[in-house]
Structures are given as structure tokens and as C-alpha cells.
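# Inside the fold
Chain by chain, the residues run as shown.
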Amino acid sequence: MYTLYLAPGAASLCVHWMLIELGEPHELKKLDLEAGDQRKPEYLKLNPSGFVPTLIVDGVPLFEAAALLMLLAERHPQAGFAPPPGHSRRGHYMTWMFHLSNTVQAAFRDWFYPDRQGGAAATESLKESARARIEAAFDRIDVQIAAQGPYILGDRAGAVDFLATMLMRWSRNMPKPATNWPAIAGYVARMKARPSFKVLYEREGLTEWA
């Protein structure tokens with residue numbers, strides 16, 4: 001049994017989605033980020049960074065969304081959500097997981113919270129920089145899907161796609177959302193057509209970008 005600490009629509013979404021896909025028993029603990037649940041002492045004992053998600057695995061609290069996806073894929077190899085060690089696509093898989101986490105997700109933090117990074121005076125310049133980095137990443141992803149699709153690593157969805165689709169969802173209100181790229185638009189439609197996506201939205205109470 002896994003226990004996932006989450007906030008609807010936040011970085012926990014991709015982990016929640018993968019748990020649904022895996023069909024593994026799990027319990028959900030929802031946090032109200034606006035109320036500051038993530039900063040309460042009892043949660044900080046589990047995740048000192050004060051972010052979501054946190055996943056309890058065999059009694060041990062673990063965090064960082066991309067890391068949790070990779071761990072779940074390795075714990076449940078029968079799902080085929082990650083190329084196994086030695087597979088020809090293993091390097092590409094790891095490259096995309098780290099790129100999405102370290103580059104794209106980090107740029108979204110600057111887009112959503114520019115004042116936390118550079119103060120009020122740097123807000124606009126930081127947002128423009130974040131937007132440029134996000135759009136450049138979508139350029140690369142669009143080319144990748146067009147060449148290797150229908151999914152990022154080829155003919156089946158996996159951990160990379162749950163992470164990527166979550167980040168694309170975050171762009172929905174940006175000047176140029178991810179679905180403005182032609183290959184990404186078809187990709188998003190495929191990911192959203194998965195039955196697990198409907199379950200995910202119902203559980204998290206989401207309605208936008210449905």
C-alpha cells in the first residue's frame with residue numbers, strides 16, 4: 001500500500017496518475033496549499049522541503065515527482081513504463097526524465113513564482129526568461145514526438161509521458177500553451193483519452209483542460 005500526499009493539479013498529479021495506471025493499492029492524503037498544510041510540522045517531518053508530492057513507500061517518505069515516477073516504474077516493471085537497464089532506449093528515458101524535471105519544471109517555478117526567485121523588481125524579466133525556456137522545450141518535445149511518436153519514447157506511454165503531460169497542462173493559460181504545437185496537440189489528446197485521466201480528474205476535482 002502506497003500513501004500519496006498531494007494537492008490537486010500540483011506536481012503530485014503525475015505520480016497520482018501513474019498509481020492509477022498501475023492499479024496498485026494506495027491511499028491519498030490531500031493538502032491545502034493555500035492554507036499552508038505543506039508547511040505544518042507534521043508534514044515537514046515527512047518532506048522537509050515543504051512541497052508535494054510525498055510518497056510513503058514501505059513506511060519511508062520519499063519525494064521529487066520525477067524520482068517517484070522512476071521508482072514506481074522500477075518497482076512495477078510489468079507495466080512497461082520505463083525501459084529496463086541495458087535497453088537501447090534507457091539513456092533516452094533518463095535524459096528526458098531529468099530534462100523535464102531539471103529544466104522544464106524548474107522554468108515553470110520561475111513562471112508561476114517569479115517574485116520568489118528575483119524579487120518584485122525582476123518579476124517581468126524572470127517570467128519572460130521562463131517563458132522562453134518553456135517554449136524552447138516544447139519545440140524540442142514537438143520534434144521528438146513527430147519523429148519518434150506517438151509518445152515521447154516511441155509506441156507506448158510511460159513515466160516520461162505522465163510527467164510531460166502534467167507540465168503541458170500547466171501551460172494551459174500561458175500566451176502559447178503546449179497544445180499550440182501540432183505534434184504535441186495530438187499527443188495531449190492521446191494522453192487525455194486514457195481512462196485513467198478521467199479517474200484522475202474525478203479524484204482531484206479538476207475541470208480545466210479536461
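Above this note sits the structure.
Everything numeric in this text was worked out from a predicted model, so none of it was measured.

Following the criterion strictly, the structure yields nine salt bridges and no others. The closest approach of N and O atoms between Asp-37 and Lys-40, which form a salt bridge, is 3.0 Å. Each of the salt bridges in this network shares a partner with another, and the network as a whole consists of Arg-169, Arg-172 and Glu-208.

On to the packing of aromatic side chains, then. In this description, an aromatic ring pair is defined by two values, namely the gap between the centres and the angle between the planes. Overall, the coordinates contain 11 aromatic pairs when judged by the stated rule. Between Phe-112 and Trp-170, the ring centres sit 6.4 Å apart and the planes meet at 80°, which makes this aromatic pair edge-to-face. Residue Phe-112 is found in helix H4 (residues 90–112), and its partner Trp-170 is found in helix H7 (residues 159–170); the two are separated by 58 residues along the sequence. Since its relative accessible area comes to 13%, Trp-170 is described here as buried. Connected via pairs of aromatic rings, a cluster forms that spans Trp-17, Phe-81, Phe-162, Phe-197 and Tyr-201.

Turning our eyes to something else, we now look at the sheet that holds strand S1 (residues 2–6). Taken in spatial order, the four strands line up as S2-S1-S3-S4 in an open sheet, and their pairing is mixed. Of all strands in the sheet, those bounded by a partner on one side alone are strand S2 (26–30) and strand S4 (60–63). Ignoring which end each strand starts from, the neighbouring axes of this sheet average 25° apart. In this fold helix H3 (residues 65–75) packs onto S1, strand S3 (54–57) and S4, with an angle of close to 120° to the strand it touches most, S4.

With that settled, consider unusual backbone geometry. Val-52 connects to Pro-53 through a cis peptide bond whose omega is 10°. Turning to its location among the elements, Pro-53 is positioned in the loop between helix H2 (41–44) and S3. Residue Pro-150 follows Gly-149 across a cis peptide bond; omega there is 20°. Counting through the fold element by element, Pro-150 comes out in the loop between helix H6 (123–148) and H7. Backbone geometry places Glu-64, a non-glycine residue, at a positive phi of 85°. Checked against the element boundaries, Glu-64 lands in the loop between S4 and H3. With a relative accessible area of 44%, Glu-64 lands in the partly exposed category. Its identity is not glycine, yet Trp-209 carries a phi of approximately 65°, on the positive side. Positionally, Trp-209 belongs in the segment after helix H9 (195–204). On the basis of relative accessibility, which here comes to 16%, the residue Trp-209 falls in the buried class.

What follows is about the layout of surface pockets. Taken as a whole, the largest pocket encloses approximately 1,000 Å³ of empty space. If you trace the largest pocket, you find 37 residues lining it, with Ala-10, Ala-11, Leu-33, Tyr-113 and Trp-170 closest to the centre. The set of elements that each furnish at least two residues to the lining of the largest pocket consists of H3, H4, helix H5 (114–118) and H7. With six residues, H4 is the largest single contributor of residues to the lining of the largest pocket. Looking at the lining of the largest pocket residue by residue, the class counts come to 19 nonpolar, nine polar and nine charged. What the second largest pocket holds in volume is close to 210 Å³. Gly-80, Ala-82, Pro-83, Leu-153 and Arg-156 are, among the 16 residues lining the second largest pocket, the residues nearest its centre.

Turning our attention to the packing of H3 against H4. Close contact between H3 and H4 brings their axes to 10 Å; oriented N to C, the two are set at 150°. Accordingly, the angle class assigned to the pair H3 and H4 is roughly antiparallel. Of H4, the residues touching H3 (which contributes Ala-66, Leu-69, Met-70, Ala-73 and Glu-74) are Arg-90, Tyr-93, Met-94, Met-97, Phe-98 and Ser-101.

Reading guide: rules and limits
All residue numbers refer to position in the chain's written sequence, counted from 1. Side-chain atom pairs in this predicted model are given and counted only at pLDDT of 80 or more, local residue features only at pLDDT of at least 70, and totals for whole chains, interfaces and linings cover all residues. Here the side-chain values reflect all heavy atoms present in the structure, with hydrogen atoms and water set aside. Throughout this description, the term salt bridge denotes a Lys or Arg side-chain nitrogen within 4 Å of a carboxyl oxygen of Asp or Glu. Note on ring pairs: Phe, Tyr and Trp rings are taken, using the six-membered ring of Trp, and paired if centres are within 6.5 Å. Classes follow the plane angle, with under 30 degrees stacked, over 60 edge-to-face and the rest tilted. In DSSP terms, a helix is any run of H or I states spanning at least four residues, a strand is any run of E spanning at least two, and both are numbered starting from the N terminus. Relative accessibility decides the category of a residue: with a 1.4 Å probe and only protein chains considered, values under 20% of the type maximum give buried, values over 50% give exposed, and everything between is partly exposed. By the convention used here, strands pair only if DSSP detects at least 2 bridges between them. For helices, the fitted line uses only the C-alpha atoms of the stretch in contact; every axis is such a line through C-alpha atoms, and the angle between N-to-C directions lies from 0 to 180 degrees. Two residues qualify as a contact provided that any one of their heavy atoms is within 4.5 Å of a heavy atom in the partner residue. A pocket, in this scheme, is an open set of points on a 1 Å grid over the protein atoms alone with protein on both sides within 12 Å along at least 5 of 7 lines, while a cavity is a set where a 1.4 Å probe fits but cannot get out; residues line either one if an atom lies within 4 Å of a point. Grid points are joined across faces, edges and corners, and a volume is the space filled by probe spheres set on the points. Residues are grouped as follows: nonpolar covers Ala, Val, Leu, Ile, Met, Phe, Trp, Tyr, Cys and Pro; charged covers Asp, Glu, Lys and Arg; every other residue, Gly included, is treated as polar. For classification, angles of less than 35 degrees are called roughly parallel, those exceeding 145 degrees roughly antiparallel, those between 65 and 115 degrees roughly perpendicular, and all remaining angles oblique.

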